[in-house]
Structures are given as structure tokens and as C-alpha cells.
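Each chain, written out:
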Amino acid sequence: MPTERSTLHALIAKRFDQMLERGLVQEVQELLCRYSLHCDMPSMRSVGYRQVWQHLKGEYSRREMRERGIIATRQLAKLQATWLSGWENITHLESGDRNNLQRLVQKVGAT
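Here we summarise the structure given alongside this text. Every value quoted in this text rests on a predicted model; they were computed, and no experiment measured them.

Before going further, it helps to examine the overall build of the protein. Helices and strands together make up the secondary structure of the protein, namely six helices and zero strands. Its helices and strands in sequence order give the protein the pattern α-α-α-α-α-α, from N to C terminus. Its C-alpha atoms give the protein a radius of gyration of 18 Å, more than 25% over the compact-globule value 13 Å for 111 residues. Summarising its shape, the C-alpha atoms of the protein cover approximately 55 × 25 × 25 Å along the three principal directions. Per-residue burial for the protein yields a buried fraction of 22% across its 111 residues. The contacts of the protein with a sequence gap of at least 6 include a subset with a gap of at least 24, amounting to 49%. As displayed, the protein offers around 8400 Å² of accessible surface, 53% of which is attributable to carbon and sulfur atoms. Looking at charge distribution, the protein has the averaged site of its 17 positive side-chain charges lying 1 Å from that of its 12 negative ones.

Shown next, in the form of C-alpha cells:
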């Protein structure tokens, strides 16, 4: 059973905040200084990088960049969940579940 939406949203926000705390803005800033990048490049269109780029260009405040990054990540997670829902015999693993390894071993042993 997939994670409840509210739990997933909280995990996404926590993860995005961790990325910011660990230097995401500085990373993008260094990339922009070091390389000739433009906003249409796939790497700069990725979730998180795009919002930081826009923040560094002055389009968003830091708060708005964070909010937009979290929203974009939620949208990506929904897209991925929708895509995976079409797969047969899929085993859902919950982040932080200590029984994931045991579940995987049982699943692999059953095939």
C-alpha cells in the first residue's frame, strides 16, 4: 500500500529542506559560474534545479523557490505513482519500513 498523501507530502518537504540545508543553492550557483548553462538544458529543467535557477535570477524569493520546488516534486511523485500503477505484480516498499529487506527477500524467493 503506497504512503498516505499527507505523509508523502511531509516526506517530500523534509527531503527538499534537507537538500537546501546541504547546499543545493550553492551547488546550482557554482554550476552557473563554472559552465555555460542555459535554462533549456535538461539538467537545468530538473526538479529543484529549475526552481533554484529561477531564485538565483531573482524571479522567486527563497521562500517561493522552496514552495515551488516542493510542489514540483509532489507533481513528479504523482506522475511516477501513476506510471507505476500500470505495472503488474509490483511490490510497494515504504520509506523507513524496517521490513523492506525481508519483504524483498520473500518476494525474490517466491519467483
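Text resumes after the structure shown.
With that settled, consider the side chain of His 55. By secondary structure assignment, the location of His 55 is in helix 4 (residues 49-56). Residues contacting His 55, with those up to four places away along its chain left out, are Val 25, Tyr 60, Ser 61, Arg 62 and Met 65.

Attention now goes to helix 5 (residues 62-85). For helix 5, which comprises 24 residues, the first-to-last C-alpha distance of 34 Å matches the rise-based estimate of 34 Å (1.5 Å per residue) to within 8%. When helix 5 is considered as a whole, its buried residues turn out to be Met 65, Gly 69, Ile 70, Ala 72 and Ala 77. Buried residues belonging to helix 5 abut helix 1 (5-21), helix 2 (24-34) and helix 4.

Generally speaking, nonpolar side chains in soluble globular proteins are found buried as a group. Counting 15 residues, the largest nonpolar core has Phe 16, Leu 20, Leu 24, Val 52 and Met 65 as its most contacted members. Those elements that provide at least two residues to this core are helix 1, helix 2, helix 4 and helix 5. For this core, the element with the highest residue contribution is helix 1, accounting for four residues. Apart from residues lying up to four places away in sequence, Phe 16 is in contact with Leu 24, Gly 48, Met 65, Arg 66, Gly 69, Ile 70 and Thr 73.

Now for the packing of aromatic side chains. Per the stated rule, a full pass over the model turns up one aromatic pair. Ring geometry for Trp 83 and Trp 87: centres 4.9 Å apart, planes at 65°, overall edge-to-face. Accessibility expressed as a relative area gives 56% for Trp 83, which makes it exposed.

What counts and what doesn't
Residues numbered from 1 in each chain as written. Predicted model: local features only at pLDDT ≥ 70, side-chain atom pairs only at ≥ 80, totals over all residues. Heavy atoms only, no water. Helix = DSSP H or I, 4+ residues; strand = E, 2+ residues; numbered from the N terminus. Rg over C-alpha atoms; globule rule 2.2 N^0.38 Å. Buried < 20%, exposed > 50% of the residue type's maximum accessible area, 1.4 Å probe, protein only. Contact = heavy atoms within 4.5 Å. Areas by Shrake-Rupley, 256 points an atom, 1.4 Å probe, with all protein chains shown as cover. Lys, Arg positive; Asp, Glu negative; His and termini not counted. Charge placed at Lys NZ, Arg CZ, Asp CG, Glu CD. Expected span 1.5 Å × (residues − 1). Core = buried A, V, L, I, M, F, W, Y, C linked by side-chain atoms within 4.5 Å. Phe/Tyr/Trp six-rings, centres within 6.5 Å; stacked < 30°, edge-to-face > 60°.

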